[in-house]
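Working through the structure, step by step
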Amino acid sequence: MKARPAPLLTAITRLRAAGCVFAEEEAGLLATAAASPDHLEALVEQRVSGLPLEHILGWAAFCGLRIRVDPGVFVPRRRTEFLVRQAARLLAAPGSTGRLPVVVDLCCGSGAVGTALAALAGPLELHAADIDPAAVRCAAVNIAPSGGAVHQGDLYEPLPERLRGRVDVLAVNAPYVPSADIATMPQEARLHEPRVSLDGGADGLQVQRRVAAAAPDWLAPGGSLLIETSRRQAPRTVELFIRNGLTARVASSKALEATVVIGTVVAGTAVSVSPVQPGAPV
């Protein structure tokens, strides 16, 4: 076995002492990114202080891709790969409309979901939206190679009007952590990711309510809404779908600890959707 250089061994020791579960892997990534032993030491210091590894590296591994992640932008979680693969399966299903499928990555953060879907299930017409300006700037870089568009604003508000009734897949990783639980999250999320990307309101479902209420107005016939949620919250997410005229089924992955609720508009159901004003109670 090849002996490890002393700076790498020191990095592993420091990361392990700081509680990093994957200390050896993280040290290797930081060493690859470092231009010198002193640079490696500085990067390790950032990680030990609680900065997310992805913010230090400038990228996150997601669905076999390197997704750019700028400081202060939500880091895509591995469990969200399950959402992507469920959406890709729907896009691959028979029943072509003769046009490029329209995909919207709502609450897009870095744009990881949309970028991965374009890679796995493209070509497609891709749109992404987020309320956070930093996330929009980051997502624009990730999504640009696929020819997609990124819009800044509150949920559906910034989407082009021409997309109403034309969206084939609406993939949503909205914040679903109850407000009171934010304080219990790891400091790398609590301190270094925007609260708007984490906080789902008192019961964690505040944003999901607004997404489900307006989804029927944007989905194409046969189009699907997919929302990542928690196993505990899934029954209530299902209720939101049904209440708004959507079918609902739960898909889960034990390996990824991931839960996704998937639904389409119930045929023949007329759903009246009123625009939701930013900040309005739901």
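The structure this text deals with has already been given above.
Throughout what follows, the structure given in this document is the object of discussion.

Cut-off values and rules
- Residues numbered from 1 in each chain as written.
- Predicted model: local features only at pLDDT ≥ 70, side-chain atom pairs only at ≥ 80, totals over all residues.
- Heavy atoms only, no water.
- Pairing = 2+ DSSP bridges.
- Helix = DSSP H or I, 4+ residues; strand = E, 2+ residues; numbered from the N terminus.
- Axes fitted to C-alpha atoms, helices over the stretch in contact; angles between N-to-C directions.
- Contact = heavy atoms within 4.5 Å.
- Buried < 20%, exposed > 50% of the residue type's maximum accessible area, 1.4 Å probe, protein only.
- Expected span 1.5 Å × (residues − 1).
- Phe/Tyr/Trp six-rings, centres within 6.5 Å; stacked < 30°, edge-to-face > 60°.
- Lys NZ or Arg CZ within 6 Å of the ring centre and 35° of its normal.
- Core = buried A, V, L, I, M, F, W, Y, C linked by side-chain atoms within 4.5 Å.

What follows deals with the sheet that holds strand S6 (residues 167-172). Think of a sheet as strands paired side by side through backbone hydrogen bonds, with each pair either parallel or antiparallel. With mixed pairing, the seven strands of this open sheet are ordered in space as S5-S4-S3-S6-S7-S9-S8. Strand pairing shows two members of the sheet lacking a second neighbour, strand S5 (149-152) and strand S8 (249-253), which therefore form its edges. Taking the axes of each pair of neighbouring strands and ignoring which way they run, one obtains an average angle of 20° across the sheet. The pairing of strand S3 (residues 102-106) with strand S4 (residues 125-130) spans five bridges and is classified as parallel. Paired with Val 104 across the two strands is His 127, which belongs to S4. Across the sheet, helix H6 (residues 112-121) touches S3, S4 and S6, and the angle it forms with S3 is around 155°. Of the strands in this sheet, S4 and S5 are in contact with helix H7 (residues 133-143), which crosses S5 at around 175°.

Turning to unusual backbone geometry, a few remarks are in order. Following Gly 122, the chain continues into Pro 123 via a peptide bond in cis, with omega recorded as 5°. You can see Pro 123 is positioned in the loop between H6 and S4. Positioned with a positive phi, Cys 107 is a non-glycine residue whose angle comes to about 55°. As for its placement among the helices and strands, Cys 107 is situated in the loop between S3 and H6. Positive phi, normally seen in glycine, also occurs at Leu 155, with a value near 50°. Tracing the sequence through the fold places Leu 155 in the loop between S5 and S6. Taking relative accessible area as the criterion, Leu 155 reaches 9% and is therefore assigned buried.

With that out of the way, let us pick up helix H9 (residues 206-218). With 13 residues, H9 extends 19 Å between its outermost C-alpha atoms, agreeing within 8% with the 18 Å of an ideal straight helix rising 1.5 Å per residue. Those residues of H9 that sit buried are Val 207, Gln 208, Arg 210, Val 211, Ala 212, Ala 214, Ala 215, Pro 216 and Trp 218. Those residues of H9 that are buried lie in contact with S3, S6, strand S7 (219-229) and helix H10 (234-243).

Another point: the packing of aromatic side chains. All told, the structure shown has one aromatic pair when counted by the stated rule. Between Tyr 156 and Trp 218, the aromatic rings sit 5.7 Å apart at their centres with planes inclined by 10°, giving stacked as the arrangement. Of the two residues, Tyr 156 sits in the loop between S5 and S6 while Trp 218 sits in helix H9, which places them 62 residues apart along the sequence. The pair Tyr 156 / Trp 218 is uniform in exposure class, with both members buried. Above the plane of the ring of Trp 59 lies Arg 66, whose end atom (NZ or CZ) is 3.8 Å from the centre.

In terms of nonpolar packing, the biggest core is built from 30 residues, with Phe 62, Val 84, Leu 91, Val 103, Leu 117, Val 169 and Leu 226 touching the most fellow members. Looking at this core, the elements with two or more residues in it are helix H5 (80-92), H6, S4, H7, S6 and strand S9 (258-264). Leaving out residues up to four positions away in the same chain, Val 103 has contacts with Leu 91, Leu 117, Leu 124, Glu 125, Leu 126, His 127 and Val 169. Core analysis: the next-biggest nonpolar cluster, separate from the first, contains 25 residues, Leu 155, Val 167, Leu 170 and Val 261 among them.

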